There are 2 protein chains.
Amino acid sequence: GFSVGGGDTIPVFSVGCPVVFKAHSAHPATSEAVGLCIRDAALSTGMPEGVFSLLHGNAHSAGQSLAAHPDIKAVAFTGSFYGGKSLYDIAVKRPDPIPVYAEMGSVNPVFILPTIQKQAKSVAEKLAASNLLGVGQFCTNPGIIIIQRTADTDQFIETYSTVINAAPEQCMLYPGIADAYQSSVNELINQSGLQQVGGSQGNKNGFAVPVVFSTTASLFVENKSWHEEVFGPFSLIVVAENEAEIRTVAGSFKGQLTVTLWGSEEDEKQLGQLSTICADKTGRIIINGVPTGVEVGHAMVHGGPFPSTTDSRATSVGSQSIYRFTRPVCFQDFPDTLLPESLKNENPLKIWRKLNGELTKNSI
Amino acid sequence: GFSVGGGDTIPVFSVGCPVVFKAHSAHPATSEAVGLCIRDAALSTGMPEGVFSLLHGNAHSAGQSLAAHPDIKAVAFTGSFYGGKSLYDIAVKRPDPIPVYAEMGSVNPVFILPTIQKQAKSVAEKLAASNLLGVGQFCTNPGIIIIQRTADTDQFIETYSTVINAAPEQCMLYPGIADAYQSSVNELINQSGLQQVGGSQGNKNGFAVPVVFSTTASLFVENKSWHEEVFGPFSLIVVAENEAEIRTVAGSFKGQLTVTLWGSEEDEKQLGQLSTICADKTGRIIINGVPTGVEVGHAMVHGGPFPSTTDSRATSVGSQSIYRFTRPVCFQDFPDTLLPESLKNENPLKIWRKLNGELTKNSI
């Protein structure tokens, strides 16, 4: 969704600004092909020369040079915490600091409340499928599942692990991602307090293999390194003994792109409490669904508090994403002839406007 | 407008967040009196204890400690470039960076086009009165006037200087501001290329005295130090020889809170060109008015590109100022009972909402 012609490019065009795009070094030819399409489209519709530029380069240095360039006025980025934070650090130290919209890591916690576990098998199958989607490489991949122990919890873990065990080894986007996945799994695999309940060693013949660990709520809250994203088909199931432990785990999370709550009508009070806690932690809360589907619509918020992004006020998906590249300007006492089209008295664009505090499409 | 009970405090309450206010050390008793009113109002309306706190402290260190505190999630500030930028630099280096809305310096350029100068006397009187307002201590004070030379330009300068010369010495807000004003005037007073055309030496018996300099457009563009704000009743009149020089000067400015254009109907083409250039430089453009009145309304933008503020996306005056302290959250597939009031199907708050892309007050 965020490559050359994606959700970080189109919103910039939508507000009438040019784009300089740093292509990912893992797929230069695809990037170039899409970039040429955009250039041709720009030329054939009479847009100015230079409205779109595509740069290739290894590692982070090309993007970092762009973030420091005086002609660049805002940065959008999707990728790792290291990559996004380094752009942010450069942009805020410029003589003229600029906004950086970096969408970075997220473990996308999923909370499973007691009575919904009567449907343990179905819930486990849905979540495992979501975790395996795209070899676990969606930024909204559900990486940590917190379940409040009931008589049905073992059934949940068993079903979840069964689905994961049945998944074939798969090819990740590029070798660097597969290496990082393997290395993260290796670091966790012999840690005391983590029990492997599904999957194997993270790698088979160079392909990624899903992995599931489990632990207790109290150990999870103490071990901050387990809160970090493992990018790939990885899950950690955290078993909480009671409501209080669920709340403690919820409160322990850093900023997230999504939080998902699973509960039945009987869990309603607890769902309400958790959604209040989690609204402070995330840009999107889902009830009884999976976080991996990100609808490009008006209500979408694909963003969240640091460190899931560098700017929690923005969404990088959906129609509101264009506001990342805007800035308000007040035109005071202008004659109608000199006003921008959007502000002319007769409302030639027929848009909604606020007039004396009331929204209207009327002319003035 | 921005002290204890002002435009940086009320918007935070409006969105349901608590405020910790660092009072200015120049008026601790007034700050304390207003702070006690706020505390009493909070108690008598059943608001939670701690919804408002007032801190006193010298210099910048108290504010800087607040900007670094993990429980602080956003900073609003009105004052000097040094003060605001230091808060920004602290906030962006936190383990979890937070937004800083610092409204800092601005010279608020005023452009006077040719044919409007037939009314030179009236324009000069209005601008000089605006410059003298509040002993020149409004952040929107018109500090630099750029005039395109016509037969009427001398009349403009003469009238402007006459009004300034007639102004009495006045007391500034506190000794530090008066000292800084005097020191800035002293630095400029013997610089080659600057001609004093009104006022005296900036100080009389400890009170501030207005000062007017003039220079040419070409010298002004070269001397970047003359683009800096002199906080107080100071004006620099820049005389441009033609339209091209006017445009060059307009393009040379850093980010500003306001830009003002004076022109008649005959100047319309030039007004259009200049407003396009200046829309990239400022948060508010005024035609044939003065920048010192800042209406608290829906259309106000009191903000602008760096260095006038640290966040050009925000206004610190008007109803839109509350958005500085908000962040979007998407509630996906929530049952109606668990949705916030603002999102419940029946629209109990009777607010405007976007439904499938259309604004409506209807229930769903």
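Residues numbered from 1 in each chain as written. Chains lettered and ligands numbered in written order. Predicted model: local features only at pLDDT ≥ 70, side-chain atom pairs only at ≥ 80, totals over all residues. Heavy atoms only, no water.

**Description of the pairing of strand β1 (residues 19–22) of chain A**
All names here are of chain A.
Consideration 1: Going residue by residue along β1, you find Val19 and Phe21 tucked away on one face and Val20 and Lys22 left uncovered on the opposite face.
Consideration 2: Direction of pairing for β1 relative to strand β2 (residues 52–55): parallel, over a ladder of four bridges. Residue pairing across strands places Lys22 opposite Leu55, the latter belonging to β2.
Consideration 3: A crossover connection joins β1 to the parallel β2 through helix α2 (residues 28–44); in handedness this β-α-β unit is right-handed. (Buried < 20%, exposed > 50% of the residue type's maximum accessible area, 1.4 Å probe, protein only. Helix = DSSP H or I, 4+ residues; strand = E, 2+ residues; numbered from the N terminus. Pairing = 2+ DSSP bridges. Right-handed = clockwise from strand over helix to strand, strands pointing away.)

**Considerations on the interface of chain B and chain A**
Consideration 1: Counting from both sides, the interface comprises 50 residues of chain B and, opposite them, 50 residues of chain A.
Consideration 2: Here chain B meets chain A over a buried area of about 4,300 Å², counting both sides, of which 59% is carbon and sulfur.
Consideration 3: The largest share of the area that chain B buries against chain A comes from Arg313, Arg327 and Cys330 of chain B, three residues that together contribute 16% of it.
Consideration 4: On inspection of chain B and its partner chain A, the count reaches four salt bridges.
Consideration 5: For Lys361 of chain B, the salt bridge is made with Glu358 of chain A, and the minimal N-O distance between the two is 3.9 Å.
Consideration 6: Linking chain B with chain A are 20 residue pairs in polar contact (both at pLDDT 80 or more).
Consideration 7: Those elements that provide at least two residues to the side of chain B that touches chain A are α4 (81–92), α10 (268–279), β13 (282–287), β14 (330–332) and β16 (358–360) of chain B.
Consideration 8: Among the elements that line the side of chain B that touches chain A, the one with the most residues is β13 of chain B, at six residues.
Consideration 9: Each residue belonging to the side of chain B that touches chain A can be placed in one class, and the counts come to 25 nonpolar, 12 polar and 13 charged.
Consideration 10: When strand β13 (residues 282–287) of chain A meets β14 of chain B, the two strands line up parallel, connected through three bridges. Paired with Ile285 of chain A across the two strands is Phe331 of chain B, which belongs to β14 of chain B. (Contact = heavy atoms within 4.5 Å. Buried area = accessible area lost by both parts, 1.4 Å probe. Salt bridge = Lys/Arg side-chain N within 4 Å of Asp/Glu carboxyl O. Polar contact = N/O pair within 3.5 Å; in protein donor to acceptor, adjacent residues only side chain to side chain. Nonpolar A, V, L, I, M, F, W, Y, C, P; charged D, E, K, R; others polar.)

**Points about the sheet that holds strand β7 (residues 195–199) of chain A**
Consideration 1: Overall, mixed pairing links the eight strands, which are arranged β7(A)-β10(A)-β11(A)-β6(A)-β5(A)-β12(A)-β13(A)-β14(B) in an open sheet. The sheet is open, and its two edges are formed by β7 of chain A together with β14 of chain B, each paired on a single side. Within the sheet, the average angular offset between the axes of one strand and its neighbour, ignoring direction, is 20°.
Consideration 2: As judged from the four bridges shared by β7 of chain A and strand β10 (residues 211–216) of chain A, these two strands associate in the antiparallel manner. Following the sheet pairing, Gln195 of chain A is matched in β10 of chain A by Ser214 of chain A.
Consideration 3: Relative to strand β6 (residues 144–148) of chain A, helix α9 (residues 243–252) of chain A is tilted by about 160°, and along the sheet it contacts β5 (110–112), β6 and β11 (234–240) of chain A. (Axes fitted to C-alpha atoms, helices over the stretch in contact; angles between N-to-C directions.)

**Considerations on helix α5 (residues 120–132) of chain B**
Residues and elements named next belong to chain B.
Consideration 1: With 13 residues, α5 should cover 18 Å at 1.5 Å per step; its first-to-last C-alpha distance of 18 Å lies within 8% of that length.
Consideration 2: Burial in α5 covers these residues: Ala120, Val123, Ala124, Leu127, Ala128, Ser130, Asn131 and Leu132.
Consideration 3: Structurally, α5 contributes buried residues whose contacts are with β5 (110–112), β6 (144–148), α6 (153–166), β11 (234–240) and β12 (256–262).
Consideration 4: Of the residues trailing α5, Gly134 is marked for its positive phi of about 60°. (Expected span 1.5 Å × (residues − 1).)

**A word on the packing of helix α3 (residues 61–68) of chain A against helix α4 (residues 81–92) of chain A**
All names here are of chain A.
Consideration 1: Axis separation between α3 and α4 bottoms out at 8 Å; the angle between their running directions is 25°. By the angle between their axes, α3 is roughly parallel relative to α4. For the crossing formed where α3 meets α4, the hand is right-handed. Touching Gly63, Gln64, Ala67 and Ala68 of α3 are Ser86, Leu87, Ile90 and Ala91, all from α4.
Consideration 2: For the contact of α3 with α4, the per-class residue count stands at five nonpolar, three polar and no charged. (Parallel < 35°, antiparallel > 145°, perpendicular 65-115°, else oblique. Left-handed = near helix turned anticlockwise from the far one by under 90°.)

**Thoughts on the confidence of the model for chain A**
Consideration 1: Mean pLDDT for chain A: 95, with 99% of residues reaching 70 or above.
Consideration 2: Scored by ipTM, the complex comes to 0.96, with pTM at 0.95. (pLDDT = per-residue confidence, 0-100.)

**Some details on the layout of surface pockets**
All names here are of chain A.
Consideration 1: The computed volume of the second largest pocket comes to approximately 200 Å³.
Consideration 2: Residue lining of the second largest pocket: 14 residues in total, with Ser184, Glu187, Leu188, Ser225 and Val230 positioned closest to the centre.
Consideration 3: Of all the secondary-structure elements, those providing two or more residues to the lining of the second largest pocket are α7 (175–189) and β11.
Consideration 4: Considering only residue class, the lining of the second largest pocket consists of seven nonpolar, four polar and three charged. (1 Å grid on protein atoms, 1.4 Å probe; cavity = no way out; pocket = protein on both sides within 12 Å on 5 of 7 lines; lining within 4 Å. Points joined across faces, edges and corners; volume = space filled by probe spheres on them.)

**A closer look at the pattern of salt bridges**
Consideration 1: One pass over the full model with this rule turns up 26 salt bridges over all chains.
Consideration 2: The salt bridge involving Glu125 of chain A is made with Lys121 of chain A; its shortest N-O contact spans 3.0 Å. Here Lys121 of chain A and Glu125 of chain A lie together in helix α5 (residues 120–132), a separation of four residues that amounts to about one turn.
Consideration 3: Between Asp8 of chain B and Arg324 of chain B there is a salt bridge, with its nearest N and O atoms 2.9 Å apart. Of the two residues, Asp8 of chain B is situated in the segment before α1 (10–14) and Arg324 of chain B in the loop between β13 and β14; the sequence distance between them amounts to 316 residues. As far as burial versus exposure is concerned, Asp8 of chain B and Arg324 of chain B are alike and both buried.

**With respect to helix α7 (residues 175–189) of chain B**
Three- or four-residue spacings in an α-helix give side chains the same orientation, since the helix completes a turn every 3.6 residues.
All names here are of chain B.
Consideration 1: In this model α7 runs 21 Å from its N-terminal to its C-terminal C-alpha over 15 residues, within 8% of the 21 Å that 1.5 Å per residue would give.
Consideration 2: When α7 is considered as a whole, its buried residues turn out to be Ile177, Ala178, Tyr181, Gln182, Val185, Leu188 and Ile189. The buried residues of α7 occupy an angular sector of 135° when the element is viewed end-on, so they sit on one face. Within α7, the exposed residues directed more than 90 degrees away from the buried face are Pro175, Asp179 and Glu187.
Consideration 3: Residues of α7 that are buried sit in contact with β7 (195–199), β8 (203–204), β9 (207–208), β10 (211–216) and β11. (Arc of directions from axis to C-beta.)

**Brief notes about unusual backbone geometry**
All names here are of chain A.
Consideration 1: Omega for the peptide link from Phe306 to Pro307 comes to 5°, which places this bond in the cis form.
Consideration 2: Among the secondary structure elements, Pro307 is positioned in the loop between β13 and β14 (330–332).
Consideration 3: Positive phi values are uncommon outside glycine, yet Asp333 reaches one of about 60°.
Consideration 4: With respect to the helices and strands, Asp333 occurs in the loop between β14 and β15 (353–355).
Consideration 5: Under the relative-accessibility criterion, Asp333 is labelled exposed at 54%.

**As for the packing of aromatic side chains**
Consideration 1: In total, this model carries 17 aromatic pairs over all chains according to the counting rule given.
Consideration 2: Arranged with centres 6.2 Å apart and planes meeting at 90°, the rings of Phe111 of chain A and Phe253 of chain A form a pair that is edge-to-face. Taken together, the residues span a long stretch of sequence, with Phe111 of chain A in strand β5 and Phe253 of chain A in the loop between α9 and β12 (256–262) at a distance of 142 residues. Accessibility classification places Phe111 of chain A together with Phe253 of chain A in one group, the buried group.
Consideration 3: Centre to centre, the rings of Phe81 of chain B and Phe306 of chain B are 5.9 Å apart; their planes meet at 70°, and the pair counts as edge-to-face. A residue pair is termed long-range when its members are at least 10 positions apart, and Phe81 of chain B in helix α4 and Phe306 of chain B in the loop between β13 and β14 qualify at 225 residues. (Phe/Tyr/Trp six-rings, centres within 6.5 Å; stacked < 30°, edge-to-face > 60°.)

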